[in-house]
Structures are given as structure tokens and as C-alpha cells.
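Here is how the chains run, residue by residue.
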Amino acid sequence: MTQNDRYQKLRAIIEPYLPDDVSADSITLESHLINELNINSANLVDIVLDVEDEFDITLENEDMDDMQTVGDALNMIESKIK
Amino acid sequence: MRERVVITGMGVCAPNGITLETFSQALQTGKSGIEYHPQLRELKFGCQIAGRPVIEASYLNKYFTSLEQRGLNSSGLVYGVIAGMDAWQDAGMKPTEADNTDWDSGVIFGTGILGVDKFREAIHLVDEGKTRRLGSTSVIQTMASGISAFLGGKLGLGNQVTTNSSACTTGTEGVLMAYDRIVSGKAKRMLAGSCSDSGPYVWGGFDAMRILPRNFNDDPTKGSRPMSATAAGFVPGSGAGALVLESLDSALKRNARIYAEVLGGAVNCGGQRSGGTMTAPNDIAVQRCISEAINQSGINADEIDCINGHLTATTKDAVEIDNWCQALGRSGDTFPYINSFKSTIGHCLAAAGSIECVGSVLQLARKEVFGNVNCEDIHPDILKRIHPSRIPANSLKIAPEVIAKASFGFGDVNACVIFKQFKS
């Protein structure tokens, strides 16, 4: 699986959590999950669980604190897989 | 002058119909929603029949976003949202826009316990040391007020949004709480309703108390027998009912369709004294509740044309009839018509009051009195008090003017509401 594959998978995980008025096209590596994509902060824990299931990794509480943007999340995944 | 209160919308999610129209038809024709549930046999229940609304998965798309449907495992919440949103739409109301809260409208939507299946999931995860796997959905689907919170959020309502709980009285009590709020001028519109989960974890406790029928597993539609000599206990049910109560002033300004007027009502408790217990009613309290409802409504007992009883299909049905006779001062062939919708939907517990209030108001709207099934053998103690003609077996094309609806619940609690054909 390439990094781009993982990015696409991450986008697919995030997409269902977007509010109706935010398009999936607006997801970029720089997007802030809460401030820009307007994801309900309560749903971040669900995104983490989905990421864990998809990539078969375990994220710690402090990992979640560092996960502000889509890029942060992807880097987190990369570091756990290695 | 105190506000008059009318009903301008209704919704229902019942074992024998999940739309107002199908439910109405089912009550009119006596169609049963009671079915045999193999799961209850596998779990060694004595009573293996129950009432549960039948909902296709795709039906949920109209009410829940795809995100909300992920991990959705709270049947009472599903029933309540369907009934509540349908009622709001039926009243000609729409969810508010994104940045607009409707401060004049609120929700009182009760339940006994919410999201039992979801809670079971959570218990297993917690016990396995996987608490973080609960995600964000566990709390909102299992907090009792999850149902009023979901509805308030979906509709954008900014008045009181709360959940009441008083066992099998819950739904009828909620209607009166909503009524009080409008009468006192604190709200223009209230979505009142209640819901109850389905499944073995809700029904099991009642099976253990041996108050459910065990001899109708092969003949489910005959199992719920209010007022019958062969009544053997109540058939457990589930679902939700919802009514939009509105000040007459607001309804007229909106040019809304008016189903009926809520004249008033009463709630009380027998204090578990004078024969009342946690599970049995104090007859004095029941009679007081009915009398007070009549007084509060400004009518005479003689004006009641039809009663929708609590009448669960236990040996207590005859006692309830006697209480009505004493409270109204009417018996024999001067007694009002009386029916129990539990014969076709079972006892929907916390949802019973609201579903049956919807059915009661439908009788006013349709100008008929719905029939009773499964009481071709009326209990002899009931026949000692009232004439059999008062318990119609088939629906009657008789337009009732005033209907009294009562619900009684564990804890010795009672509620009685009076509905009337609306006349300006």
C-alpha cells in the first residue's frame, strides 16, 4: 500500500463525518478537522476508532491530541505502520 | 383567560402500523401487530409473543443521516424519532434553518429506559477493558433524554426539551405536561410523546414477574385479551407515539388543521397506600385522578362518550372498570363506550400512553369508536358493572364528542386526559 493509498483510505474514513454543507472535495492534507472541515469534535473519537480498524493499529490518547489536521492523521498512521 | 390547547399533528410507530394512516386503519379493522418471536423461545421466555414495529432498514434514511445510522442500536430512539418527526411534519411544521432556533416550541418525550441493546454493547466492551471502543454514540443513545435531545436537535426547538419517566403512565403524563406548559403561556407548541425499546432485555423482567401470558405462543394474535374472562396477562409491546400540542391562538394564526382540543386532565399517585403497591393501584387514587381530570376540564361526567382505558389484559381489568364506574357515577347501559388498543398492539409500556392518546384522538378525527378484539368472552366481573354493548367488538360509526384516556403505572401513578372534538 502506498502513502497515497493510505491517504485515500483516510479521506474515505473522514468523509461520512463531514457536515452536509462541507464537500468531500474540500479535504486536503492541510485541512483542520474541526476548524475547517467542521467535524463535530465528539466524532474525533469515532474517526480514531475507524482508523484503528482500517489500518490495524492502536492510537494512544496523546496521539489524538496531536491529530489536528488531515496531514497530522496521515503522519500518525505512517509512523504506527512502520 | 387561560390558553386553549389543541392538537395539530400526530405521528406513531406502533406494532400494527408505523404511519398515522396504517395505524388508523389497523385500529379501525382490529389488525393485530402481535407476533411470535423465535428469539424469546431461544431465551426460554414463558411468553414468546410481543408487539414490535416493523421497520425496513431503508426507511431510516428519511429520519437519520448515514452518520447517525452508524452504530445505531437503540430501538426506542428509532421509534421515537420516527413518531416525533412525523408528528411535526403532520402539523405542517418544518425543521428550522441552520442558524435559527424556534424558542416558542419544545419537546417533552418520555421513556422508561432508552437504548437497552446499545447499553448491553457498552457493558460488554467495558467488561472486556475496551472502554475507548465505545466511541461517541454510547452516551447519546442510552441517556434517557436521548430521545428528546435527538428530536429537539433535528427540529431546532428552543423551548423546554426534556424527558419524563413514570412507567406506563409516561406518555399520557407527557401530554399533560405539554398542556400545562402551553396553558401557562410558557410555550406555543410542544411535541409530546414517549417511546419504549423492544426486545428481551426490556421484556424479561415482566416475564420473570409471571405477568405475561404463557399459553398463546402458538396463537399470538389471540394473546392480548383486555376485558376477557380468559385474559392471562399483558403482551409486551414497544414503539412510540407523538402529538403536537399547540395554543389555539398559534394554531389559528398558522391556519393549522386541528384534530381535537385538549380540555385538561390530572396526574396523581396513590402513595402505595390503601391497597396500592409498587405494582398495584390504589383505587381511591385512580378514582380521584379521573374525577379531577373531569373537573379540570370543566365538563360533567355525563359528557364522556368514550373511554380509552389502561386495560392491560390482567385480572385488574375488572377493577379498572369498577373504578371508572365509581368515578363517573355511571354503570350498566349508561356507561360510555370503552376500548383498549392493547388488544392489537400489546402493552407498549412507556410508549403505551402516547400511542393510545394518538389512537384516542384518531377516533375524534375519524368520527368513530374503534372496536375491541379478543374479548368475545367478557369477564363476568365486568358484566356485573357495565352492559356488554359498551364494549364494542367492531368499530362503530358513531362520532364521539368527548374521550377520556387514562394510563396507570408501576409506582402507583395515574394520569387521565380529556380530549374533545374541536369547536371554535
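Residues numbered from 1 in each chain as written. Chains lettered and ligands numbered in written order. Predicted model: local features only at pLDDT ≥ 70, side-chain atom pairs only at ≥ 80, totals over all residues. Heavy atoms only, no water.

1. Some words on the packing of helix α4 (residues 75-90) of chain B against helix α7 (residues 146-155) of chain B
Two quantities define a packed helix pair, namely the angle between the axes and the distance from one axis to the other. Residue and element names in this part refer to chain B. Quick reminder of the rule: To obtain an axis, a line is fitted to C-alpha atoms, over the contacting stretch when the element is a helix, and the angle between two such axes runs from 0 to 180 degrees between their N-to-C directions. A helix here means a DSSP run of H or I that spans at least four residues, while a strand means a run of E at least two residues long, and both kinds are numbered starting from the N terminus. What makes a crossing left-handed is the near helix being turned counterclockwise from the far one by less than a right angle; a clockwise turn instead makes it right-handed. The contact criterion used throughout is that any non-hydrogen atoms of two residues lie within 4.5 Å. Three categories are distinguished: nonpolar for Ala, Val, Leu, Ile, Met, Phe, Trp, Tyr, Cys and Pro, charged for Asp, Glu, Lys and Arg, and polar for the others, with Gly belonging to the last.
Relative to each other, α4 and α7 sit at 35 degrees, their axes nearing to 10 Å. Both α4 and α7 take part in a crossing whose hand is right-handed. For the pair α4 and α7, the contacting residues are Leu77, Gly80, Val81, Gly84, Met85 and Trp88 in the first and Gly146, Ile147, Phe150, Leu151, Lys154 and Leu155 in the second. Each residue belonging to the contact of α4 with α7 can be placed in one class, and the counts come to eight nonpolar, three polar and one charged.

2. Overview of the UniProt feature "domain: Carrier" (unreviewed entry) in chain A
Our working definition: UniProt positions are given in the numbering used here, feature names are shortened, and annotations may be inferred rather than shown by experiment.
As annotated by UniProt and renumbered to match this structure, "domain: Carrier" (unreviewed entry) occupies residues 1-81 of chain A. Helix makes up 51% of residues 1-81 of chain A and strand 0%, with an end-to-end C-alpha separation of 11 Å.

3. A closer look at helix α11 (residues 283-297) of chain B
Residues spaced three or four apart along an α-helix point in a common direction, a consequence of the helix completing one turn every 3.6 residues. Residues and elements named next belong to chain B. Worth spelling out the cut-off: For a helix, the expected span equals 1.5 Å multiplied by the residue count minus one. For the exposure calls, accessible area comes from a 1.4 Å probe over protein chains only, and a residue counts as buried if that area is under 20% of its type's maximum, exposed if over 50%, partly exposed in between.
Relative to the 21 Å expected for 15 residues at 1.5 Å per residue, α11 spans 21 Å between its end C-alpha atoms, a close match to the ideal helical length. Residues of α11 that are buried: Ala285, Val286, Gln287, Cys289, Ile290, Ala293, Ile294 and Ser297. Residues of α11 that are buried sit in contact with β8 (260-269), α12 (317-328), β11 (402-409) and β12 (413-420). Of the residues trailing α11, Gly298 is marked for its positive phi of about 70 degrees.

4. Overview of the nonpolar core
Residues and elements named next belong to chain B. To keep things clear, this is the line we draw: For this analysis, a nonpolar core means a set of buried residues of the types Ala, Val, Leu, Ile, Met, Phe, Trp, Tyr and Cys, connected via side-chain atoms within 4.5 Å.
The biggest cluster of nonpolar side chains holds 42 residues, and the ones touching the most others in it are Ile7, Met10, Phe23, Leu243, Leu245 and Phe419. Elements with a contribution of two residues or more to this core: β1 (5-13), α1 (20-29), α8 (170-183), β6 (189-196), β7 (239-247), β8, α14 (352-366) and β12. Per-element tally for this core: the top contributor is α14, with seven residues. Contacts of Ile7, omitting those with residues within four sequence positions, involve Leu243, Val244, Leu245, Arg257, Ile258, Tyr259, Ala260, Val262, Val361 and Phe419. Ala301, Leu328, Cys375 and Cys416 belong to the second-largest nonpolar core, a separate cluster that totals 32 residues.

5. Quick word on the UniProt feature "domain: Ketosynthase family 3 (KS3)" (unreviewed entry) in chain B
The positions UniProt marks with the feature "domain: Ketosynthase family 3 (KS3)" (unreviewed entry) are residues 2-421 of chain B. For residues 2-421 of chain B, helix accounts for 34% and strand for 17%, while the C-alpha atoms at its two ends are 19 Å apart.

6. A look at the pattern of salt bridges
Let me state the cut-off plainly: Note on definitions: salt bridges are taken to be side-chain nitrogens of Lys or Arg within 4 Å of carboxyl oxygens of Asp or Glu.
Within the structure shown, the criterion is met by 26 salt bridges over all chains. B:Glu128 serves as the salt-bridge partner of B:Lys130, at 3.4 Å between the closest nitrogen and oxygen. Its relative accessible area of 48% is what places B:Glu128 among the partly exposed residues. Notably, a salt bridge pairs B:Arg254 with B:Glu246, separated by 2.7 Å at the nearest N-O pair. On the accessibility criterion, B:Arg254 (25% relative accessible area) is partly exposed. Overlapping salt bridges, with partners in common, bring together A:Glu52, A:Asp53, B:Arg132 and B:Arg133 in one network.

7. Side note on the confidence of the model for chain B
Selection criterion: The predictor's confidence in any single residue is recorded as pLDDT, a number from 0 to 100.
Confidence in the prediction for chain B averages 97 pLDDT; 100% of positions are at 70 or higher. Of all the helices and strands in chain B, helix α3 (residues 66-69) of chain B carries the lowest mean pLDDT, 93, while β7(B) carries the highest, 99.

8. Digging into the state of the cysteines
All names here are of chain B. Our working definition: Sulfur atoms of two cysteines make up a disulfide when they are within 2.5 Å.
Scanning the entire structure with this criterion turns up zero disulfides over all chains. You can see Cys306 has no disulfide; the closest cysteine sulfur is in Cys416, sitting 12 Å from it. Lacking any disulfide linkage, Cys375 is separated from the closest cysteine sulfur, that of Cys306, by 13 Å.

9. A word on α4(B)
Under the 1.5 Å per step criterion, the end-to-end length of α4(B) is 22 Å for 16 residues, consistent within 8% with the ideal 22 Å. Within α4(B), 14 of the 16 residues are buried, which leaves the element mostly enclosed by the surrounding structure.

10. Quick notes on the interface of chain A and chain B
Note the cut-off: Here the quantity called buried area is the total loss of accessible area, with a 1.4 Å probe, experienced by two parts when brought into contact, counted for both. What qualifies as a polar contact is a pair of N or O atoms within 3.5 Å, subject to a donor-acceptor requirement within protein and to the restriction that residues adjacent in sequence count only when both atoms come from side chains.
On the chain B side, the residues contacting the 13 residues of chain A number six residues. Taken over both partners, the interface formed by chain A and chain B buries close to 850 Å², and the fraction arising from carbon and sulfur atoms is 43%. Across the contact surface, chain A and chain B share four salt bridges. Applying the counting rule to chain A against chain B returns seven residue pairs in polar contact (both at pLDDT 80 or more). Considered class by class, the residues forming the side of chain A that touches chain B number seven nonpolar, two polar and four charged.

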